[in-house]
Amino acid sequence: MKSWFTAILLSAGVSFGTDTLVAGEAAPAFVTARWITPPASRPADAAMPVFRKEFQLPSLPRQATLRIIGLGDYDARVNGARLAPTGINQPWSQYEKTLYYRDFDVADQLVPGGNCLTVMLGNSFWNNPNPPAGRYNKDGPQRTAPEPLLLRAELSVVDDSGQVLRIGTDASWRVTAGPVVFSHIFAGEDFDARREMTGADHAGYDASDWQPARVASAPTGALKPQTWPEIHVMQRFMPNAIKPVGDGTFVYSFPQNSSAQLWVKLSGGQAGQRVDFKCGEHRNDLGRLFGAYLVDSHLTTDGNPIEHQWTFFYVGMQFVEVRGAVPEGEPNPTGLPVIEAMELRHVRTALRENGTFRCSEDLYNRTHELVDWAMRSNSSYVLTDCPHREKLGWLECAYLLAPSFLNRYDSTDWFTKIAGDIRDAQESSGRVQTVAPSYPDGRFPGAFTWTVEWGAAAVLLPWDLYEWTGDPEILRDSFDSMQRFTDYIGTEATDGIAPAGLGDWYDYGHGQPPGPSRFTPTTLSATATWALCARACANAAEALNRPAEARAWQQRFAAIRQAFQAHFYDPATHALQNTGSPQCANAMALCADLVPPPARELLVQQIIDDLRRRDWQQTPGDVGHVHFIRALAEAGRSDILHRVYRRTGNGSYGGILAKGLTAMPETWDAMMDGYQSLNHCMLGHIMEWLPEYVAGIRQAPGSVGWRKAIIGPNPGPLTWAEGTLHTQRGTVEARWEKRDGVFRLEVTIPAGMEATALMPSGKSHPLVAGKQALEEPAE
């Protein structure tokens, strides 16, 4: 006989039962919840909807979990308690293939008696049509969803007897328009405080004028749990300057350029007054914001004090222009709302710090921080290229910067998700476009849609993750995709040469505007990347114990190598084709092992000779720079890299810092033209060299999962450096110092790791688990 409690729950649309599964049967992601959406009569330009459900509980639950998918984004509350610090909670994905759900522990928010669930939805990339005229838009990634807003949520409550009670989304939920009246992934967010519904997120609120939710058809994507860290507010910045710039406009300047949500505290004014915020990172000589990707946001007051933070929107910014309100203490003859406080709240995926680096060279420390802020600001649900203009997962960064991120943050689960995005976005032909997720309603022109060096993330990112973790699961998941992509390049190759694309994007020193490669033939960098992919496929096949496929890919690599030499290598001069600087061409050929062994030392020397002629100015761009670092460092020429990265003139990290920037920009010379991004990590590969070759903590060649490590610092002109790294086998620490003619290295090695110290003199010493120190005469 069912209890009165069960009867109440059933009458409220709540399911009741115990979880039992047949052996081997996978549990469904949702048991009772259905997909719901606002009524069909909702106008396309209506405010963001708020869904609501009341229910009764007779006692405190033993445990309670809310499982939720909100398309495009969601902000959930239980009895008024917000479950996340932002409304940026629905992972971006290849939606037609994969939809991620998230679980919240809500036991502490539930009470005996009446309870209430509310969820507000936003658009995100799920529904990304062109915004109204006059608001910023990024052409290309548009996506119009068949159902613009969808919610599926299920609250599972376990009582003291172990019975499971479920409250799932269905037609009994109510919905109305909320106070966020505009939300767009690129164009900003508007809020109308007059539409706030005080008490609507608590039981007992009169929602009789709310409409019933409409049950919708299920989208096609497979449901998967989110397994990487969520997006959090990680840091808060207050303005360091507030200046009037005329016309009743004030500019708030903040100390850090970051991916952020705007928070503001207002008082005074009258209901219906609108405060306008313009957000960006470029200022002109008059102190006003300018540029191609300024974002507007509007807040309409209700005459009461307001504290408001954007819900679904974030943007990379450092400056905010305000009209329609005055800073506290400023004259206010017309009775405008008063800004009592404003903050930029830095939001990103909450990746745990994994490694540290410090040294005696202040320029290196400041460069580390400069690039680190660009890395943080682009750690969203994908590795974005920039947190404002595009917010897209341009794929060359995913694999070229993977070691930089892994040396700094615990990011393997995050990158594994990105690898899944790439597999989902891969076309049936095997081709992988430049961006993943890849949204179907918009396409970029020409090589911006398809370029070998970008699509190669399908192959080289899984291999990077395997090398780092030693976990073959990522290879098993991706091996078919890796092979199909590498095969696809062959279908577009001519005489064994891969098709041209963007090449070494934003290379530097040629005196021309930034863009596709100028110094290096784009077919050369594409073919070198193809070779890297073929070699990775061979190595992956070996790791997966698939010898026949390994041999086939080794043969493919040999064929690519032969074609590369026939087209690009002059055996008489041992030179590779280039149009003014050999740095990228030589470096990529060295890293891909595409030249005869006797030529390797000569190609390294050609790079050094070109650097010397240019007063140690590096020329490689987005694709070539990390290969430039690896080619020189692996050849034992970090002394040259010290010369390059201690420069302070134009085209250097030091020159960027001299311009006052606080995050790595898009161009080597930090162009501040209003279009080039000032928060871009694509040239930040020094984050690989500093911990691996200056502090000296790196994995030994051929090792996977940190079974073997080398502690091999390259001091150069520095007097000390130190680093730490948390690996799968434990924490590695290294600190070295030059003092009184002695080089002293102190290391900590975890148990189970085979490690070798490679001293600056070239002498090597085996290391044992625990702490130890080595000394030799300083050079």
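Structural notes on the overall build of the protein chain
Point 1. On a plain count of helices and strands, the protein chain comes out with 16 helices and 36 strands.
Point 2. For 779 residues, the compact-globule formula gives about 28 Å, and the C-alpha radius of gyration of the protein chain, at 28 Å, lands near that figure.
Point 3. Along the longest, intermediate and shortest principal axes, the C-alpha atoms of the protein chain span 85 × 75 × 55 Å.
Point 4. For the protein chain, the residues scored as buried account for 60% of the 779 residues in total.
Point 5. Taking contacts inside the protein chain between residues at least 6 apart in sequence as the whole, the part at least 24 apart equals 73%.
Point 6. Taken as a whole, the protein chain presents about 28,900 Å² of accessible surface, with 49% of it coming from carbon and sulfur.
Point 7. Measuring between centres, the 70 positive side-chain charges of the protein chain sit 1 Å from its 87 negative side-chain charges.

As for the sheet that holds strand E14 (residues 211–212)
Point 1. The antiparallel open sheet is built from six strands, whose spatial order is E6-E5-E8-E3-E11-E14. Looking at which strands have only one partner, the edges of the open sheet turn out to be strand E6 (81–82) and E14.
Point 2. The pairing of strand E5 (residues 73–78) with E6 spans two bridges and is antiparallel. Among the inter-strand pairings, Val-78 is bridged to a residue of E6, identified as Ala-81.

Quick notes on the confidence of the model for the protein chain
Point 1. Chain-level pLDDT for the protein chain is 94 on average; 96% of the residues reach the 70-or-more range.
Point 2. Here residues 1–25 scores under 50 on pLDDT; set against residues more than four positions off or in separate chains, the count is 32 contacts.

Notes on the packing of aromatic side chains
Point 1. All told, the structure shown has 29 aromatic pairs when counted by the stated rule.
Point 2. The interplanar angle of 65° and the centroid separation of 5.0 Å between the aromatic rings of Trp-310 and Phe-313 together place this pair among those described as edge-to-face.
Point 3. Using a relative accessible area of 3% as the deciding quantity, one classes Trp-310 as buried.
Point 4. With a centroid separation of 5.2 Å and 65° between ring planes, the pair formed by Tyr-653 and Trp-668 is classed as edge-to-face. You can see Tyr-653 sitting in helix H15 (residues 653–658) and its partner Trp-668 sitting in the loop between H15 and helix H16 (686–694), a full 15 residues away along the chain.
Point 5. The structure contains a cluster of three or more aromatic residues connected by ring pairs, namely Trp-92, Tyr-95, Phe-125, Trp-126, Tyr-136, Phe-186, Tyr-381 and Tyr-439.
Point 6. The ring of Trp-126 has Arg-143 lying over it, and the distance from NZ or CZ to the ring centre is 4.5 Å.
Point 7. In this structure, Arg-389 packs its charged tip against the face of Tyr-675, placed 4.6 Å from the ring centre.

What about the pairing of strand E23 (residues 315–323)?
Regular strands show a simple pattern: their side chains alternate between the two faces of the sheet.
Point 1. When you tally the buried positions in E23, you get eight out of nine residues, the bulk of the element.
Point 2. Bridge count for strand E19 (residues 249–267) against E23 is seven bridges, and the pairing is antiparallel. Bridge pairing in E23 places Tyr-252 opposite Val-320.
Point 3. When strand E20 (residues 274–280) meets E23, the two strands line up antiparallel, connected through five bridges. Within the sheet, the bridge partner assigned to Phe-277 lies in E23 and is Val-322.

A look at helix H11 (residues 583–591)
Point 1. Counting buried residues in H11 gives nine out of nine residues, a clear majority hidden from the surface.
Point 2. Those residues of H11 lying buried are Gln-583, Cys-584, Ala-585, Asn-586, Ala-587, Met-588, Ala-589, Leu-590 and Cys-591.

What counts and how
- Residues numbered from 1 in each chain as written.
- Predicted model: local features only at pLDDT ≥ 70, side-chain atom pairs only at ≥ 80, totals over all residues.
- Heavy atoms only, no water.
- Helix = DSSP H or I, 4+ residues; strand = E, 2+ residues; numbered from the N terminus.
- Rg over C-alpha atoms; globule rule 2.2 N^0.38 Å.
- Buried < 20%, exposed > 50% of the residue type's maximum accessible area, 1.4 Å probe, protein only.
- Contact = heavy atoms within 4.5 Å.
- Areas by Shrake-Rupley, 256 points an atom, 1.4 Å probe, with all protein chains shown as cover.
- Lys, Arg positive; Asp, Glu negative; His and termini not counted.
- Charge placed at Lys NZ, Arg CZ, Asp CG, Glu CD.
- Pairing = 2+ DSSP bridges.
- pLDDT = per-residue confidence, 0-100.
- Phe/Tyr/Trp six-rings, centres within 6.5 Å; stacked < 30°, edge-to-face > 60°.
- Lys NZ or Arg CZ within 6 Å of the ring centre and 35° of its normal.

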